[in-house]
Amino acid sequence: MRTSEFIAALAADPVPEPIRLGRRVVAALAIGFLGSLAIYALLMGPRPGIAEAAKTVRFWLKFVDAFAFALPSLLLTLRLARPDARIRTLTLWLIAPFALLAAGVAVELLVVPQSEWLTRLVGHNSMFCMRMIPLLAAPLLAALIVALRAGAPLHPGLTGALAGAASAGIAALLYASHCPDDSPLFVATWYPLATLICIGVGALAGRRFLAW
Amino acid sequence: MQAQTIKGAPDDPWSRLMSAAIAGDEGAYRRLLGDIARSLRAMARGAFSRAGVGDADVEDAVQETLLAIHLKRHTWDPGQPLAPWVYAIARHKVVDALRRRGRRKVEPLENFEEFLAAPEAEDPHALSDARKLLETLAPRQRDIVTSISLDGQSIAATAKRLSMSEVAVRVALHRALKSLGATWRRSVE
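Everything numeric in this text was worked out from a predicted model, so none of it was measured. (Residues numbered from 1 in each chain as written. Chains lettered and ligands numbered in written order. Predicted model: local features only at pLDDT ≥ 70, side-chain atom pairs only at ≥ 80, totals over all residues.)

Trainee: Would you mind showing me how to read the overall build of chain B here?
Mentor: Looking only at helices and strands, chain B features 9 helices and 0 strands. Along chain B, from the amino end to the carboxyl end, the secondary structure elements read α-α-α-α-α-α-α-α-α. Considering chain B as a whole, with its 189 residues, one finds that 36% of them fall into the buried category. Residue pairs at least 24 apart in sequence account for 65% of intrachain contacts in chain B once pairs closer than 6 positions are excluded. (Helix = DSSP H or I, 4+ residues; strand = E, 2+ residues; numbered from the N terminus. Buried ≥ 20, exposed ≤ 12 C-beta atoms within 10 Å, placed from the backbone. Contact = placed C-beta atoms within 7 Å.)

Trainee: Just to check I follow, could you spell out the overall build of chain A for this structure?
Mentor: Looking only at helices and strands, chain A features 10 helices and 0 strands. Sequence-ordered secondary structure for chain A, helices as α and strands as β, is α-α-α-α-α-α-α-α-α-α. Along the longest, intermediate and shortest principal axes, the C-alpha atoms of chain A span 75 × 35 × 25 Å. Across the 212 residues of chain A, 47% fall into the buried class. For chain A, restricting intrachain contacts to residue pairs at least 6 apart in sequence, the fraction spanning at least 24 positions comes to 88%.

Trainee: So what exactly am I meant to see when it comes to unusual backbone geometry here?
Mentor: What you tend to see is this: most non-glycine residues have negative phi, and most peptide bonds are trans. Residues and elements named next belong to chain B. Even without glycine at this site, serine 163 takes up a positive phi of about 45°. In this structure, serine 163 sits in the loop between α8 (155–161) and α9 (166–186). We classify serine 163 as exposed; it has 7 C-beta atoms within 10 Å.

Trainee: When you look at the interface of chain A and chain B in this model, what are you seeing that I'm missing?
Mentor: Note on interface size: it is often stated as the accessible area lost on association of the parts. Contacts between the two partners involve 27 residues from chain A, matched on the other side by 41 residues from chain B. When the residues that make up the side of chain A that touches chain B are grouped by side-chain class, the tally is 19 nonpolar, 3 polar and 5 charged. (Nonpolar A, V, L, I, M, F, W, Y, C, P; charged D, E, K, R; others polar.)

Trainee: What am I meant to see in α9(B) here?
Mentor: The α-helix winds at 3.6 residues per turn, so residues separated by three or four positions along the chain end up facing the same way. For α9(B), built from 21 residues, the straight-helix expectation of 30 Å at 1.5 Å per residue is met to within 8% by its first-to-last C-alpha distance of 30 Å. Of all the positions in α9(B), only Val169(B), Ala172(B), Leu173(B), Ala176(B), Leu177(B), Leu180(B) and Trp184(B) are classed as buried. Projected down its long axis, α9(B) shows its buried positions confined to an angular sector of 140°, all on one face. Along α9(B), the residues that are exposed and aim more than 90 degrees away from the buried face are Val167(B) and Arg186(B). Residues of α9(B) that are buried in the fold lie against α1 (3–12) of chain A together with α3 (58–71), α6 (130–134), α7 (139–148) and α8 of chain B. (Expected span 1.5 Å × (residues − 1). Arc of directions from axis to C-beta.)

Trainee: For this particular structure, what's the right way to read the confidence of the model for chain A?
Mentor: Detailed conclusions should not be drawn from predicted coordinates in areas where pLDDT is low. The predicted model of chain A averages 92 in pLDDT, with 100% of residues at 70 or higher. Within chain A, helix α5 (residues 88–92) of chain A has the poorest average pLDDT of any element, 85, and helix α9 (residues 156–175) of chain A the best, 96. (pLDDT = per-residue confidence, 0-100.)

Trainee: Any chance you could explain the packing of helix α2 (residues 21–43) of chain A against helix α8 (residues 126–148) of chain A here in plain terms?
Mentor: Each pair of packed helices can be summarised by the angle the axes make with each other and by the distance between the axes. Residues and elements named next belong to chain A. At a minimum axis distance of 8 Å, the contact between α2 and α8 shows a crossing angle of 160°. On the basis of the axis angle, α2 is roughly antiparallel to α8. The crossing of α2 and α8 is right-handed. Residues Arg24, Val25, Ala27, Ala28, Leu29, Ile31, Gly32, Phe33, Gly35, Ser36, Ile39 and Tyr40 of α2 lie in contact with α8, whose contacting residues are Leu135, Leu136, Pro139, Leu140, Ala142, Ala143, Leu144, Val146 and Ala147. Tallied by class, residues from the contact of α2 with α8 come to 17 nonpolar, 3 polar and 1 charged. (Axes fitted to C-alpha atoms, helices over the stretch in contact; angles between N-to-C directions. Parallel < 35°, antiparallel > 145°, perpendicular 65-115°, else oblique. Left-handed = near helix turned anticlockwise from the far one by under 90°.)

Trainee: Explain α2(A) here, please?
Mentor: All names here are of chain A. Taking 1.5 Å of rise per residue, the 23 residues of α2 would be expected to cover 33 Å, and the 32 Å separating its terminal C-alpha atoms lies within 8% of that figure. Inspection of α2 places Arg24, Val25, Ala28, Gly32, Phe33, Ser36 and Tyr40 among the buried residues, and these make up the whole buried set. Those residues of α2 that are buried lie in contact with α4 (57–80), α8 and α9.

Shown next, in the form of structure tokens:
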């Protein structure tokens, strides 16, 4: 077929309803979050004594850190969904949650006696954390991937991975209110591992569903 | 035709044509795709020859890229110039095309500006394999695409011949193009 003939077919194709990627992603997050919230309400719920815990810095560090991770991940995902994405400065923001967490760990090591370190790191139920964060992230990730199919990412795997990271960050915000372990030693060990699972699943889903 | 001007919108010809096209100006869109095709052709030919691949499939790469541009045009931000967006898609698709021909390592393609400056007219004898891909479509869809592209029929004439409504023809055409994009992509994997 000649290219001029092919262009005739393209030009005859009507102008689509404008697709606004940003709005789609926001809508996906809202829907996904409802799903996560349902899972949270069914299987978890806020921990007992949450009011007491809310008086400690350790407790709040979990939320600040999850948020500091979720937000740049999400913005990066949205940028990567466009083929002419420029992401350099935004990527630097991803250092923030890790720096914050590292600072938290350093302070914890200073104020807690060495004999306590391992107990705090192991926590109460790390395996529950490893299962629940990916489970809470699943509806968010699924909704994000569906929304991102309207995009045109040059790196579908990476885009999916970041969608996984964003989902894990939001899931961690929910999970943090259930988990009785507030020590940065626990958070720095298990939350990133659970996040890695989400990133891996996101990368696979991206390669499978976001290629165009 | 003057496209609606957005504050801070880029003022180069391609961006203006695309804005007009999105606003429904079919002529502007046709002109834009023709312009883009000529630059794409120069780019694909350069990349194919550097990779040591014959230029038999250049028109395929051009058309596949045009289709991707068409199906993904909503990912262009009208506040940004169109050319870098086109180039990003073109590079992606040309690299795919080379991979399909067994070139794992693809040299970075040089600046798109060069191809903008040195467009290449279509060789009327260069045919793509798109006709073969059309075979994968449902018969009705294939009929519609063929009618509009190869036979140069209008939507209205096609609708009349197939006793369909114009809307139904447009919908079928859009589905056909989307499915063509998917088929092209699958041939990469």
